[in-house]
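Summary of structural features
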Amino acid sequence: MKTLIKNGTVVNSTGTATADVLIDGDTIAAVLAPGSTLLGFDIERNVDTVIDAAGKYVIPGGIDAHTHMQMPFGGTEASDTFETGTRAAAWGGTTSIVDFVVQYAGENVLDQYAAWQDKARGECAIDYGFHQILSDVQDSSLVAMDELVKEGVSSFKLFMAYKGVFLSDDGQIVKAMQKASSNGSMIMMHAENGSVIDLLVQQAIAAGNTSPYNHGLTRPWQAEEEATHRAIMLANLTGAPLYVVHVSAKQAVEQIAVARDRGQNVFGETCPQYLYLSLEDQLGAQSDEWGSFEGAKWVCSTPLRSKAEGHQHHMWQSLRTNDIQMVSTDHCPFCMKGQKDMGLTDFSKIPNGIGSVEHRMDLLYQGVVDKQISLERWVEVTSTTPARMFGMYGQKGVIQPGADGDVVIYDPNGHTSIGVGKTHHMNMDYSAYEGFEIDGHVDTVLSRGKVVIDDNQYLGAKGDGKYIKRGLSQYLI
Ligand code: DUC
Ligand code: ZN
Ligand code: ZN
Ligand code: ZN
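As the structure is a prediction and not an experimental result, all values here were calculated from the model.

The next point concerns the overall build of the protein chain. The number of helices and strands found in the protein chain is 13 helices and 23 strands. With respect to the three principal axes, the spread of C-alpha positions in the protein chain is 75 × 55 × 40 Å. In the protein chain, which comprises 477 residues, the share counted as buried stands at 56%.

Printed below as a string of structure tokens:
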């Protein structure tokens, strides 16, 4: 199967040019000046499909490096399966995800890895890789880290919060970091001071402050800044590279920036919710159906931050200046009915998470329209950097010969209205971005050369997606 995407504006992180893209089978075969011939050979007459992308952007497929499909968490399970979540991702122009294998306390890491491979195999619409969550840094977990790197799992997430579920103490963190430092893998950190948060939550509940808004108040920026700083120091001590996930506080960004300035391998990820949503939005949320419990829709950790304090503004700025390197969703969807409503009388029982795997490319493109980031930076933070950060670059994250045929044709003259049911395919009974209007539209999506989204139709199938055996981060020497 050969496909020619002609006359489009090809956007890579390094630049933009009008070009034709020839895809042969799974891979990009050539990027050519429009109308080129190959040794006198008329390409257009020798391919199976021609797609005219005039007036549209041709970009490398989005890579969402932080998702939690069907993750058991918060007394329930994230509502998207690998099937529904990856299909929704495809609809939104994301052609690869990196999800998380979870080890809870007492579990064996390699058993969990096998279990997660079983969950995803044959289910995914797009390609998928795995990070490994470590909640129990025992000797066998350290041995498993070496095994997993060979399997293409080259990044390990640790938590400084969620005591009794995920939390590792500083000694355990140092042990895992020492291993990462020796085997070249990346440490990912959920950086919030869990014991401070647990105390504030208890005090809030005891004082009768039970509404969803209190979730944010009990996870203050100081808890994020402190943990980010501590994680950076422990990484400095051990020589481990550190990737701080879901950064939402401007003070945490500053910690990352300072570490980077002194030459430490520290990287930061933010998410669309911290670029677009705020604690004030959550406080003001009201609906006929839920009253002020409406705010539960936006309960996630790290929490939404105060717009008045300038976090949102700072997060866009940090994306521009590269104090923050990339954007993932932390897609962890729950329905209001039957899941979020477990916390109707106690915010601490609301499962933490927002789903947006389908909207990341659009939401970040709106940042281009709003002149927050450039067109090339859009591609960089949503595709190229995730590929490099997690050892997939060359195969993913770029439109060039030899790369996988993961291509999105994006229409800057199109329009996307985000709302329940209307436009979303995630298994959620609400949208965190309901009412958002995007001045652009995902037109066509190719996953390894196969058209999976075309003209508002899904043409893919479950099982199209293959496991991505990742290498070590390409940001490290
Ligand atoms: N934060 C969330 O919002 N959900 C899953 C876990 C996490 O760290
Ligand atoms: Zn986290
Ligand atoms: Zn997460
Ligand atoms: Zn509009």
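As summarised here, the arrangement of the 8 strands in space is E8-E11-E12-E13-E14-E15-E16-E17, forming an open sheet in which the pairing is parallel. At either end of the open sheet lies a strand with only one pairing partner, and these are strand E8 (62–67) and strand E17 (326–327). Across 5 bridges, strand E13 (residues 155–159) lies against strand E14 (residues 186–190) in parallel orientation. Each residue of the ladder has a partner; that of Phe-159, found in E14, is His-190. With respect to the sheet, helix H12 (residues 360–369) is in contact with E8, strand E11 (94–102) and E17, its orientation differing from that of E8 by roughly 115 degrees.

The positions UniProt marks with the feature "modified residue: N6-carboxylysine" (unreviewed entry) are Lys-157. With respect to the element layout, Lys-157 can be found in strand E13. Apart from residues no more than four positions distant in its own chain, Lys-157 is found in contact with Phe-100, His-131, Ile-133, Met-188, His-190 and Val-245.

Bringing the site of ligand 1 into the picture now. All residues adjacent to ligand 1 are His-68, Phe-73, His-190, Cys-300, Ser-301, Asp-330, Cys-332, Asn-352 and Gly-353. Within the shell around ligand 1, the residues separate by chemical class into 3 nonpolar, 5 polar and 1 charged.

Between helix H7 (residues 221–238) and helix H8 (residues 250–261), whose axes approach to 8 Å, the crossing angle comes to 20 degrees. With respect to H8, the element H7 is oriented roughly parallel. Viewed along their axes, H7 and H8 form a crossing whose handedness is right-handed. Across from Trp-221, Glu-224, Glu-225, Thr-228, His-229 and Ile-232 in H7, the residues of H8 making contact are Gln-251, Ala-252, Gln-255, Ile-256 and Ala-259. Looking at the contact of H7 with H8, its residues break down into 5 nonpolar, 4 polar and 2 charged.

Of all hydrophobic cores here, the largest spans 142 residues; its most connected members are Val-21, Val-58, Ile-187, Met-189, Ala-231 and Leu-242. The residues contacting Val-21, other than those within four sequence positions of it, are Ile-5, Val-10, Ile-28, Val-31, Val-58, Ile-399 and Val-407.

To continue, consider the packing of helix H2 (residues 109–120) against helix H3 (residues 139–150). Where H2 meets H3, the axes come as close as 8 Å, and the angle between the chain directions of the two elements is 45 degrees. Considering their axes alone, H2 and H3 lie oblique with respect to each other. From H2, Val-109, Leu-110 and Tyr-113 reach across to H3, where they touch Ser-140, Ser-141, Ala-144, Glu-147 and Leu-148. Looking at the contact of H2 with H3 residue by residue, the classes come out as 5 nonpolar, 2 polar and 1 charged.

Okay, helix H11 (residues 311–321) next. The set of residues buried in H11 consists of His-311, Gln-312, Met-315, Ser-318 and Leu-319. Buried positions in H11, seen along its axis, are confined to an arc of 120 degrees and lie on one side of it. In the core, the buried residues of H11 are packed alongside H8, strand E16 (266–270), helix H9 (272–276) and helix H13 (375–389). Of the residues one or two after H11, Asn-322 is the one with positive phi, at around 70 degrees.

So, on to the UniProt feature "domain: Amidohydrolase-related" (unreviewed entry) in the protein chain. The UniProt record marks residues 57–205 and 307–452 with the feature "domain: Amidohydrolase-related" (unreviewed entry), using the residue numbering of this structure. Within the segment residues 57–205, helix and strand shares are 40% and 27% respectively, and the terminal C-alpha atoms sit 50 Å apart.

Here the focus is the environment of Asp-111. Looking at the element boundaries, Asp-111 is found in helix H2. Residue classification places Asp-111 among the exposed positions, given that 11 C-beta atoms sit within 10 Å.

Rules behind the numbers
Residues numbered from 1 in each chain as written. Chains lettered and ligands numbered in written order. Predicted model: local features only at pLDDT ≥ 70, side-chain atom pairs only at ≥ 80, totals over all residues. Helix = DSSP H or I, 4+ residues; strand = E, 2+ residues; numbered from the N terminus. Buried ≥ 20, exposed ≤ 12 C-beta atoms within 10 Å, placed from the backbone. Pairing = 2+ DSSP bridges. Contact = placed C-beta atoms within 7 Å. Axes fitted to C-alpha atoms, helices over the stretch in contact; angles between N-to-C directions. UniProt positions renumbered as here; feature names shortened; annotations may be inferred. Near = placed C-beta within 6 Å. Nonpolar A, V, L, I, M, F, W, Y, C, P; charged D, E, K, R; others polar. Parallel < 35°, antiparallel > 145°, perpendicular 65-115°, else oblique. Left-handed = near helix turned anticlockwise from the far one by under 90°. Core = buried A, V, L, I, M, F, W, Y, C linked by C-beta atoms within 7 Å. Arc of directions from axis to C-beta.

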